[in-house]
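# Fold and geometry: a report
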Amino acid sequence: MFQVSFGLANVFFAIVVVFAGTRILDYMQYAKQTGYLPGIRSLVTPISLFGVLFPTSRWNPGREWQWQWRKDVYKRHGTETISSLPYLFGGPAIYTSSLDVARQIVAMKGEFYKTKEMTAITLVWGPNVFAANGDEWKRFRRIMNPAFATSTFASVWDETCRGFREMFVGQGWDGLESIDILDISPLTNKFALMLISSAGFGHPLSWDPRTPGSKTMSFGEALHIITHNLILRLVVPRIAYWLPIKRLQDIKEAYKIVRVFLLTLIDTRRKEFAAGAPAQNDVLSLMILSAENEGHLSMTDDELIGNTSILLFAGHDTLAMTLNATLGFMGLYHEYQEEMYQEVLAVMPTSAEFTFGNSRKLRKVQACFLETLRYFLAGFMWIRDTAEDIVLEHVGPNRDQRIAVPRGTPVVVDAIGLHHNPRLFPEPDKFKPERWYDAPESALTMFSLGTRVRIGRRFAITAGVCFLANLLRDWRVELLAPHGESRAEWEARYRRA
Ligand code: HEM
């Protein structure tokens, strides 16, 4: 008996020693791989299953460290580019809040690419432009780019006006003096969805887009469930969806609803073209027409669904979130709200002048939208892997060092860190729309940099500016503090969001 226990103890001890030994060796290897950059040292790294499943803490930076630690993580390490190394689980990664380093990473000249693991949540629907690299990415963009032209943005403006009106009528707000809204997000989500569907896919939806065939869930609810359960969908095995667990059943139903929506959308448009409908310039039509071609540009059915879904998800959630946050800042800073209102009055005094053509003159309204975006960044991690051994420049305390980074190292632009970097945005915690007055398009780094930028940028800005201009024409945004919160308490809660 004693011998058996002693033997087991030995085995256990040996396992612990071997495990500890491999972890130490791995740690040393990871430190070398990331150029001995200082940074986050934790039990688990953010880019790992544990990392995304558990909340941010000292031992697990998790999904929110960029936001929660934005004020001091780079300051503490005295550099704008840091590493993250695990003691126990996960792999190493380099994170940067430096614009120079970010430019190298997203330059996409082949040295940096997006891995299948990091884009898996989008690939559930099929190959798509967001997840693609190299020639595949070029092919997708060649098909899609013409849809993101001035004529589309004019239609975004008109459709935003239509959606805004429909929202007011649909919610029964017409003729009211004031409206109390406790949670604006279901409304802005629905609005953004209608907009992407009409201006993006040439498929107008009415204000209450309940999906035929589903009595349990609206289309908007289905999108909400999907966007809030992306990780769960990836990690839970398919077989578990047969279990009577409400959350899993809801996810299953949500994916079904969106899939049916996408297939119906594509099928209807195909039939219209087959019946001789004239070619249109919305992105869905361009993708379908390319699929009909036998040429080198054509998109397969899977790619068509993948790309339609990425436009839906990349477009609607980011826009809705930014609108919500802009309304919050408008409620907090009446002086800016008043300036925006005066600008709308001056630029668009009559309905005839309320046009897309005049919208570029709304520089203060646009600046308010952009400053909100800088503050609460909608797409906050731009993750790449190195496809070959590279040299990363402009690192170290004085941004004058170079480090060798071997192939296969994750390199991440921390877009929150970048847009809260005090060297680039002095007093980053202050809401200062004037940072964006007359800023050139190239300065709008919130929409990424380099060649992968642009596709949704003007779409989102046009929609955001138009929504705000419509609102400001007739309404004033005030804070509602239902639990007797003071303005300071409201602001603190809002800024933690
Ligand atoms: C506030 C609004 C938006 C923000 C902040 C935003 C931000 C971004 C960022 C940062 C990326 C690059 C991510 C990376 O490189 O890993 C991206 C890519 C993308 N966005 Fe947006 N976006 C917004 C709105 C939209 C809209 C309205 C659409 C479509 C109608 C859209 C469609 C896309 C697509 C298709 C990609 C992938 C492009 C590519 O890789 O070539 N986005 N977006």
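This text goes with the structure placed above it.
Figured I'd write up the structure that's included with this text. Predicted, not measured: the structure shown is a model, and the values here were computed from it.

The tally for this structure, following the rule as stated, stands at 1 cavity of 30 Å³ or more. Taken as a whole, the largest cavity encloses approximately 60 Å³ of empty space. Lining the largest cavity, in full, are Trp 157, Phe 356, Ser 359, Arg 360, Gln 366, Arg 458, Ile 461, Thr 462 and Val 465. Of all the elements in the fold, those that place two or more residues in the lining of the largest cavity are α16 (356-359) and α19 (457-474). In terms of residue count, α19 provides more of the lining of the largest cavity than any other element does, 4 residues in total. Of the residues contributing to the lining of the largest cavity, the split by class is 4 nonpolar, 3 polar and 2 charged.

By the element assignment, Ser 285 lies in helix α13 (residues 283-292). Taking the C-alpha atoms as reference points, Ser 285 and Pro 55, separated by 230 residues in sequence, lie 42 Å from one another. Among residues more than four places away in sequence, those in contact with Ser 285 are Arg 269, Phe 273 and Gln 280.

With that settled, the discussion passes to the pattern of salt bridges. Per the counting criterion, the structure on display carries 28 salt bridges. A salt bridge links Arg 476 to Glu 478; its shortest N-O distance comes to 3.1 Å. What makes Arg 476 partly exposed here is its relative accessible area of 45%. Residue Glu 485 is joined to Arg 493 by a salt bridge in which the shortest nitrogen-to-oxygen separation is 2.6 Å. The exposure class of Glu 485 is buried, given its relative accessible area of 19%. Counted as one network, the salt bridges with shared partners bring together Arg 70, Lys 71 and Asp 429.

How each quantity is defined
- Residues numbered from 1 in each chain as written.
- Predicted model: local features only at pLDDT ≥ 70, side-chain atom pairs only at ≥ 80, totals over all residues.
- Heavy atoms only, no water.
- 1 Å grid on protein atoms, 1.4 Å probe; cavity = no way out; pocket = protein on both sides within 12 Å on 5 of 7 lines; lining within 4 Å.
- Points joined across faces, edges and corners; volume = space filled by probe spheres on them.
- Helix = DSSP H or I, 4+ residues; strand = E, 2+ residues; numbered from the N terminus.
- Nonpolar A, V, L, I, M, F, W, Y, C, P; charged D, E, K, R; others polar.
- Contact = heavy atoms within 4.5 Å.
- Salt bridge = Lys/Arg side-chain N within 4 Å of Asp/Glu carboxyl O.
- Buried < 20%, exposed > 50% of the residue type's maximum accessible area, 1.4 Å probe, protein only.

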